[in-house]
Amino acid sequence: MSSPPIQWYPGHIAKAEKALLEQLKRVDVVLEVRDARIPLSTHHPQVDQWIGEKGRILVMNRMDMIPPKAKEQWTEWFRDRGEEPLFTDAQHGKGIEAISKAAQAAGVKMNQRRLDRGMLTRPVRAVVIGFPNVGKSALINRLLKKRVVESARRAGVTRQLRWVRISDQIELLDAPGVLPNKLTNQEAAIKLAICDDIGEAAYDNQRVASELIELIRSSSALETRYGLELGDLTGESYLKALAEANYKNDAERTARQILTDFRKGNLGAIALEMPPED
Ligand SMILES: Nc1nc2c(ncn2[C@@H]2O[C@H](COP(=O)(O)OP(=O)(O)OP(=O)(O)O)[C@@H](O)[C@H]2O)c(=O)[nH]1
């Protein structure tokens, strides 16, 4: 199919990047949130450079949306690279305690360095960052144990700065940092669009749904949900066939339905990315 590439608007990128750097300047520790369904595509190539020497906690959110096996394999893959991913389900409040503990541990290290330099100790300062809609606000609310940050299904609802206390030892910026994405890698852009992690980019639902069909073809999720065999059909042909069978030939409505079903978990727990072979 020859629809235009998925793009974000350059003005947004410059503005988002500036806001993000302002937030990062103020903190000791960064909670980097990724979507567990697509841990690589929700990794921003510049994030390591932006975080620099600060502590980083790697949060894999939406763990409820991937099979336990995928979680195990990703954990092993990241550990082989010296990283410890912490899996959360911010919607239902799972795995949150481990995040607070990790932030606290980072604070202990920071305060040891301060004491070594003859300075007073203070609470560790942290910020949650990640792509649009990965669950940053939901995570902040869970860390605070209350709903103070607006958490919405729409991408891009995040606002400005305020410190909130999670405990005696941790202060958190209540507004998450949104990672701007230039979307130069189209394969990643499509996965972000499928997962609704793309913010205000424009894209073609039918193309994105066709790609989703291709990506999940080895599972029986589509047959189970829609009662239509995939067989050897391409994603595009399956979309057409399903539109004809169930949706009065309306391919656009069919595409939106498939995407909504995937995003709501109606197709089951599916990882769209698995650790790459070495
Ligand atoms: N199933 C599931 N849904 C989640 C999880 N975390 C967040 N959500 C849902 O994902 C949607 C987006 O969550 P938000 O917390 O608003 O995401 P955000 O990253 O703050 O979004 P922006 O403000 O747009 O950058 C909401 O509908 C949440 O309820 C999770 O772990 N599992």
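Residues numbered from 1 in each chain as written. Predicted model: local features only at pLDDT ≥ 70, side-chain atom pairs only at ≥ 80, totals over all residues.

Asker: Looking at this structure, I do not really get helix 10 (residues 251–263). What am I missing?
Answerer: Residue pairs three or four apart in sequence face the same way in an α-helix, which turns once every 3.6 residues. Taking 1.5 Å as the rise per residue, helix 10 with 13 residues should run 18 Å; its terminal C-alpha atoms sit 18 Å apart, in good agreement. Its buried side turned inward, helix 10 meets helix 6 (186–194), helix 7 (205–215) and helix 9 (235–246). Remark: glycine 265 follows helix 10 within two positions and exhibits a positive phi of approximately 80 degrees. (Helix = DSSP H or I, 4+ residues; strand = E, 2+ residues; numbered from the N terminus. Expected span 1.5 Å × (residues − 1). Contact = placed C-beta atoms within 7 Å.)

Asker: In this structure, what is going on with the environment of glutamate 229? I would like to understand it.
Answerer: Positionally, glutamate 229 belongs in the loop between helix 8 (221–226) and helix 9. Residue classification places glutamate 229 among the exposed residues on the basis of 12 C-beta atoms within 10 Å. Separated by 13 residues in sequence, glutamate 229 and leucine 242 place their C-alpha atoms 9.5 Å apart. (Buried ≥ 20, exposed ≤ 12 C-beta atoms within 10 Å, placed from the backbone.)

Asker: Please explain helix 3 (residues 68–80) as it appears in this structure.
Answerer: If you check helix 3, its first and last C-alpha atoms are 19 Å apart, about what 13 residues at 1.5 Å a residue would give, namely 18 Å. Count one or two residues on from helix 3 and you reach glycine 82, which has phi positive near 75 degrees.

Asker: Would you explain the domain arrangement of the protein chain in this entry?
Answerer: One frequently used descriptor of interface size is the decrease in accessible area upon assembly of the parts. According to the domain assignment, the protein chain contains domain 1 (10–178) and domain 2 (204–263). Using only C-alpha atoms to locate each centre, domain 1 and domain 2 end up separated by 34 Å. (Domains from an automatic or database assignment.)

Asker: What exactly am I supposed to notice about the packing of helix 7 against helix 10 here?
Answerer: When two helices pack together, their arrangement is given by the angle between the helix axes and the distance between those axes. Where helix 7 contacts helix 10, the two axes come as close as 8 Å, and the packing angle between them is 50 degrees. With respect to helix 10, the element helix 7 is oriented oblique. The handedness of the crossing between helix 7 and helix 10 is left-handed. Only Ala251, Glu252, Ala255, Arg256, Ile258, Leu259 and Phe262 of helix 10 make contact with helix 7, whose side of the interface consists of Asn205, Gln206, Val208, Ala209 and Leu212. For the contact of helix 7 with helix 10, a count of residues per class yields eight nonpolar, two polar and two charged. (Axes fitted to C-alpha atoms, helices over the stretch in contact; angles between N-to-C directions. Parallel < 35°, antiparallel > 145°, perpendicular 65-115°, else oblique. Left-handed = near helix turned anticlockwise from the far one by under 90°. Nonpolar A, V, L, I, M, F, W, Y, C, P; charged D, E, K, R; others polar.)

Asker: Would you mind going over the nonpolar core with me for this structure?
Answerer: Across soluble globular proteins, nonpolar side chains have a tendency to be buried as a group. Counting residues in hydrophobic clusters, the biggest one holds 65 residues, and the most contacted among them are Leu31, Ala103 and Ala126. The residue makeup of this core includes at least three contributed by each of domain 1 (10–178) and domain 2 (204–263). Alanine 103 has contacts with Val29, Ile57, Val124, Ala126 and Ile170, leaving out every residue within four places of it along the chain. (Core = buried A, V, L, I, M, F, W, Y, C linked by C-beta atoms within 7 Å.)

Asker: What exactly am I supposed to notice about the pairing of strand 2 (residues 55–61) here?
Answerer: A regular strand carries its side chains on alternate faces of the sheet. Here seven bridges tie strand 1 (residues 29–35) to strand 2, and the two strands are oriented parallel to one another. Its bridge partner lying in strand 2, valine 29 is registered against glycine 55. Here strand 2 pairs with strand 3 (residues 86–87) via two bridges, running parallel. Bridge assignment links valine 59 to a residue of strand 3, and that residue is leucine 86. At this point the chain moves from strand 2, through helix 3, to the parallel strand 3, and the crossover so formed is right-handed. (Pairing = 2+ DSSP bridges. Right-handed = clockwise from strand over helix to strand, strands pointing away.)

Asker: Help me understand the UniProt feature "binding site: GTP" (unreviewed entry) in the protein chain, please; the structure alone is not making it clear to me.
Answerer: Sites flagged by UniProt as "binding site: GTP" (unreviewed entry) map to Asn61, Arg62, Met63, Asp64 and Gly177. In terms of the greatest pairwise C-alpha distance, the residues named above, spread along 117 residues, do not form a single cluster, extending to 23.3 Å across. For asparagine 61, the location among the structural elements is in strand 2. Owing to 26 C-beta atoms within 10 Å, asparagine 61 belongs among the buried residues under this scheme. Positionally, arginine 62 belongs in the loop between strand 2 and helix 3. (UniProt positions renumbered as here; feature names shortened; annotations may be inferred.)

Asker: What is the right way to look at unusual backbone geometry in this model?
Answerer: Backbone geometry follows two general trends: most residues other than glycine have a negative phi, and most peptide bonds adopt the trans configuration. Positive phi outside glycine occurs at asparagine 133, with the angle close to 65 degrees. Within the fold, asparagine 133 resides in the loop between strand 4 (124–130) and helix 5 (136–144). Judged by C-beta crowding, with 24 C-beta atoms within 10 Å, asparagine 133 ranks as buried. Phi at aspartate 196 takes a positive value of approximately 65 degrees, unusual for a residue other than glycine. By the element assignment, aspartate 196 lies in the loop between helix 6 and helix 7.

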